[in-house]
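Coordinates in review
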Amino acid sequence: MTAMQPTETITVETATVGCDGGGGALGHPLVYLTLDHEGRVECPYCSRAYVLKEGVKLSHGH
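**Structural notes on the pattern of salt bridges**
Applying the stated criterion across every chain yields a total of two salt bridges. Close ionic contact of Arg48 with Glu8 constitutes a salt bridge, the shortest N to O distance being 2.9 Å. On the criterion of sequence distance, the pair formed by Arg48 in the loop between strand S4 (40-42) and strand S5 (49-52) and Glu8 in the segment before strand S1 (9-12) is long-range, its members being 40 residues apart. Classification of Glu8 by relative accessible area gives partly exposed; the value is 35%. When the shortest N-O distance is used, the salt bridge between Lys53 and Glu13 registers 3.3 Å. In this pair, Lys53 is assigned in the segment after S5 and Glu13 in the loop between S1 and strand S2 (16-19), connecting sequence segments 40 residues apart. Among the residues examined, Lys53 registers a relative accessible area of 39% and is labelled partly exposed.

**Remarks on the sheet that holds S4**
Strand order in this open sheet of three strands is S1-S5-S4, and the pairing throughout is mixed. Because the sheet does not close on itself, it has two edges, and the strands there are S1 and S4. On average, each strand axis in the sheet is inclined to that of its neighbour by 20°, with strand direction left out of account. Across three bridges, S4 lies against S5 in antiparallel orientation. By the bridge assignment for S5, Arg40 is matched with Val51.

Quick notes on the rules
- Numbering of residues begins from 1 in every chain and follows the order in which that chain's sequence is written.
- Side-chain atom pairs in this predicted model are given and counted only at pLDDT of 80 or more, local residue features only at pLDDT of at least 70, and totals for whole chains, interfaces and linings cover all residues.
- The basis for every side-chain value is the complete set of heavy atoms in the structure, and neither hydrogens nor water enter the calculation.
- Put simply, a salt bridge is a Lys or Arg side-chain nitrogen that is within 4 Å of an Asp or Glu carboxyl oxygen.
- To qualify as a helix, a DSSP run of H or I must reach at least 4 residues; to qualify as a strand, a run of E must reach at least 2; elements of each kind are numbered from the N terminus.
- In this scheme, a residue with accessible area under 20% of its type's maximum is buried, one over 50% is exposed, and one in between is partly exposed, where area comes from a 1.4 Å probe on protein chains only.
- Between any two strands, at least two bridges found by DSSP are needed for them to pair.
- Under this scheme, a helix contributes an axis fitted over its contacting stretch, all axes are lines through C-alpha atoms, and angles between N-to-C directions fall in the 0 to 180 degree range.

By themselves, these are just geometric observations and shouldn't be taken as functional.
Quick look at the structure:
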C-alpha cells in the first residue's frame, strides 16, 4: 500500500508553524505545529506538510 501524499508542501524557516488550512471560512482552527528532528511536520487537519528550507539551521535556545 502506498502512503498518501500531503495535499501541499510548504517550505518554512522556523521550527514552529501555524496552520489554518488556508481556506478562510473553509479552513480549520489555527493550530501551531513544531517540526520534528528531521525538519518536517504534517498538519493533522488538512495534511499540509511543512518542511524546513534547505540550509536553514534552527537555534536551540531562547
